[in-house]
Amino acid sequence: MRVVRYNRAAERLFRKPFSEVLGRAYDEVLPVISEVNTGHVFQRTIALGVPGEVKEVKITDPEAGQDYFFDFVVDPILDDDAHMAGVSLIGLDVTERALLKQRLAHQNEDLLALQQVSNALRKTMDLEKALFIIATALTSDEGGGYDLAMIFTVDQDRENLVGQVCVDSLGLRDAWGIWRGLTSHDAPLQKSLEATQPVLAKRWGELSGVVRSVKVPLTDEFSVLAHAVRTGETVTQETLKEDARLRVHPEIAKHFPLKRFAAAPLLADREAIGVIVVDASSRKRDFSPERLMMLEMFANQAALAINNGLIFQNVLDRAQRDSLTRLYNHGHFQEVLRNELERAVRYGNPLSLVMLDIDHFKGFNDTYGHQTGDMVLKQTALLLSALVRVTDLPARYGGEEFALLLPQTEYDHALELAERLRVGVERKVVVTGPQGQKIGVTASFGVSCFPRHAAEPHELVMCADAALYLAKDRGRNRVVGADDVEDAEETTARKKATKRPTMKRPTMKQSDESGSFRVKTPGAKKKSRKSGKLK
């Protein structure tokens, strides 16, 4: 098996002249040919005397750093006496065919992933879950294998791009399992992930928290993301080279050094509703036209699901939010309270509740009118939303009363926040009256905490409510905690125990049928049944 013939094409391919290989063993001077014989095709051809074939052998040109693919035909060679003398190898360059075959295979994989994502998206109308499914599909091995995927959506006023979700790489097989868990029941996204994938839930929660803090004005002429939304075209890092004015948002660049990225707009009915950003910094090549085309196909499919989710979210939002203040309403507050209390019990975290009530609000409405009163409620709601964390839940509990749910917040910290809110209401909530006068208001606050004061949702509300009414009894415009209520009850009990019995105070009796209240005062005057006169 020594080399005896070797043409010029072989010299060019293997970068060795014929003089160097003549008479030497093939596996010594041409190690690539050893790869052709991996399946012992040479020995089989010699033993059987029939031709063999080896397809798509990759040969790398070390100087040019380029890969070629060859199909080799192995034929037996006979000497003059018709005895087996060796084999001949004829190679056909099939590089173009092999690369096309690879591209088609990748496209088939992408299309399969796109189909799987579409099936998962059809099973949910939850916007958070849809966004999560799309992002994890992009970072999966089969869905693109990107290092990172972020999704931004346009807000209702079409003024800003708002960050929604961010995930890093994950195998698609694992992603499919997570998707099945998410779409099989109605539990919220975060709760589902914490129950099934606690480590990933924490990691993705931190990444998404960073992205949610980003708000990109659509009027920003220098933002590459806003540029993608305005033009409706996919942008990459090459776009930054073409237009030196464009840049990645500073907060994104700070946490995610995007060296090789692409941002594809999400188009629904030819209108951009957001943008998908993928990062491929670990790849050694820039985005090929085929990869960009597949990303755009993915973005088009995702846009339909996100648009449906936004519509459903809008309908759900109207059902869950108070129409005047845009805070969550009483029903949604009670549902979140139950869920957060269950989570607090499971993980051993505190959960605080702040109840607040606008002081003398009925008199305020009677004096200045209900429209002025509505302005007070709106400003109070804006103040609550501005001074709390993203994880906190401000709600309009009813009338002039508001509730603030504070997960993972100790009692003392809740008291401090309530005091800041009290000062904020006193200083910031100022409205214009019917005659142009400036009118301010104050508010009273009650604070309770799990597990310090209560173990059930209704008990937590009752404790905070009792503290609120004690704040009103003590003069209003103050913060009272549930600890003070317990101290006040003990003091009252001791005083009653040391005093002589006196006339009973009026008691409230509730009607079982109508739900109304009537006052029953022992010793009050009654009308005579006969004369109708007071006795």
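Use the structure listed above.
Residues numbered from 1 in each chain as written. Predicted model: local features only at pLDDT ≥ 70, side-chain atom pairs only at ≥ 80, totals over all residues. Heavy atoms only, no water.

**Comments concerning the packing of helix H15 (residues 330-347) against helix H19 (residues 457-473)**
Our working definition: A fitted line through C-alpha atoms represents every axis, and for helices the fit uses only the stretch in contact; the resulting angles, taken between N-to-C directions, go from 0 to 180 degrees. Put simply, DSSP H or I for four residues or longer makes a helix, DSSP E for two residues or longer makes a strand, and each gets a number counted from the N terminus. Should an angle fall under 35 degrees it is called roughly parallel, over 145 degrees roughly antiparallel, and 65 to 115 degrees roughly perpendicular, with every other angle called oblique. By the convention used here, residues are in contact when the closest approach between their heavy atoms is within 4.5 Å. Basically, the charged four are Asp, Glu, Lys and Arg, the nonpolar ten are Ala, Val, Leu, Ile, Met, Phe, Trp, Tyr, Cys and Pro, and anything else, Gly included, counts as polar.
Look at H15 against H19: their axes get within 9 Å of each other, and the N-to-C directions meet at 110 degrees. Between H15 and H19, the crossing angle belongs to the class labelled roughly perpendicular. Here H15 contributes Leu-337, Arg-338 and Leu-341 to the contact with H19, which in turn contributes Pro-457, Leu-460 and Val-461. Along the lines of polarity and charge, the residues of the contact of H15 with H19 split into five nonpolar, no polar and one charged.

**Regarding the pattern of salt bridges**
Rules: Note on definitions: salt bridges are taken to be side-chain nitrogens of Lys or Arg within 4 Å of carboxyl oxygens of Asp or Glu. Relative accessible area decides the class of each residue, using a 1.4 Å probe on protein chains only: under 20% of the type maximum gives buried, over 50% gives exposed, and in between gives partly exposed.
This model, assessed by the stated rule, comprises 21 salt bridges. Here Lys-55 makes a salt bridge to Glu-53, at a shortest N to O gap of 3.9 Å. Neither Lys-55 nor Glu-53 differs from the other in exposure class; each is exposed. We note a salt bridge from Arg-389 to Asp-392, for which the minimum N-O separation is 2.7 Å. Taking the relative accessible area as the measure of exposure, Arg-389 reaches 39% and is therefore partly exposed.

**Looking at the nonpolar core**
Cut-off, in case you're wondering: We call a set of buried residues a nonpolar core when its members are Ala, Val, Leu, Ile, Met, Phe, Trp, Tyr or Cys and they connect through side-chain atoms within 4.5 Å of each other.
Counting residues in each nonpolar core, the largest one holds 69 residues, and the members touching the most others are Met-150 and Phe-152. For this core, the element with the most residues is helix H7 (residues 127-138), which contributes nine residues. Ranked by size, the runner-up nonpolar core spans 29 residues in total, among them Leu-356, Leu-384, Ala-414 and Val-425.

**What about the sheet that holds strand S2 (residues 66-78)?**
To keep things clear, this is the line we draw: Here the rule is simple: two strands pair whenever DSSP picks up at least two bridges between them.
Here three strands make up an open sheet; going across it, the order is S1-S2-S3 and the pairing antiparallel. Where the open sheet ends on each side, the last strands, each with one partner, are strand S1 (52-61) and strand S3 (84-93). Averaged over neighbouring strand pairs, the angle between their axes works out to 35 degrees when direction is ignored. Bridge analysis of S1 against S2 gives eight bridges, and the strand direction is antiparallel. Looking at the pairing, Glu-53 lines up with Val-73 of S2. Seen against the sheet, helix H5 (residues 41-48) touches S1, S2 and S3 and runs at an angle of roughly 130 degrees to S3.

**Details of the pairing of strand S9 (residues 271-279)**
Look at any regular strand and the pattern is simple: side chains alternate between the two faces of the sheet. Within S9, eight of the nine residues are buried, leaving the element largely enclosed by the surrounding structure. Pairing of strand S4 (residues 148-154) with S9, which is carried by six bridges, proceeds in the antiparallel orientation. Counted as the bridge partner of Ala-149 is Val-278 from S9. Of the pairings in the sheet, the one linking strand S8 (residues 261-268) to S9 comprises eight bridges and is antiparallel in character. If you follow Ala-264 over to S9, its bridge partner there is Ile-276. Taking the residues between adjacent antiparallel strands as the criterion, S8 and S9 are bridged by two residues, where Asp-269 takes a positive phi near 55 degrees.

**Quick look at the sheet that holds strand S12 (residues 401-407)**
The strand order S11-S12-S10-S15-S16 describes an open sheet built from five strands, whose pairing is mixed. Of all the strands in the sheet, just strand S11 (393-398) and strand S16 (479-481) have a single pairing partner and so form its edges. With strand direction ignored, the average angle separating the axes of adjacent strands in the sheet is 20 degrees. Here strand S10 (residues 351-358) pairs with strand S15 (residues 443-450) via eight bridges, running antiparallel. Along S15, the bridge assignment pairs Ser-352 with Cys-449. Packed on one face of the sheet, helix H18 (residues 411-428) meets S10, S12, S15 and S16 and runs near 165 degrees to S15. Its contacts with the sheet put H19 on S10, S11, S12, S15 and S16, and the angle it makes with S15 is roughly 150 degrees.

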